[in-house]
Amino acid sequence: MWYAMQVGNGLEENICSHCERELSARVSCHCFVPHYETQMKLQGQWRTVQRILLTG
């Protein structure tokens, strides 16, 4: 069974690690934040960066 949580922007990783710590002792759960890779131009060079797929 899957559940989705709505959290504030920028808090996704923190909430995920908190849920892993608190819930893993009581129930079998796995929390993750989906990411995607994209190209961004940073300081004149193209670099591959990872972004959160569904922010907030």
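Here goes a summary of the coordinates provided. Please read these numbers as outputs of a predicted model, since none were measured by experiment.

**Remarks on the environment of N9**
If you trace the backbone, N9 turns up in the segment before α1 (12-23). Of the residues examined, N9 reaches a relative accessible area of 62% and is grouped as exposed. In the structure, N9 is positioned 34 residues away from Q43 in sequence and 25 Å away in space, judged by C-alpha atoms.

**Focus on the pairing of strand β1 (residues 35-42)**
Where β1 meets strand β2 (residues 45-52), 8 bridges bridge the pair, whose relative direction is antiparallel. Directly across from H35, in β2, lies its bridge partner I52. Linkage of β1 to β2, two consecutive antiparallel strands, is achieved through a turn of 2 residues, within which Q43 is found at a positive phi near 55 degrees.

Here is what the cut-offs are and how they apply
Residues numbered from 1 in each chain as written. Predicted model: local features only at pLDDT ≥ 70, side-chain atom pairs only at ≥ 80, totals over all residues. Heavy atoms only, no water. Helix = DSSP H or I, 4+ residues; strand = E, 2+ residues; numbered from the N terminus. Buried < 20%, exposed > 50% of the residue type's maximum accessible area, 1.4 Å probe, protein only. Pairing = 2+ DSSP bridges.

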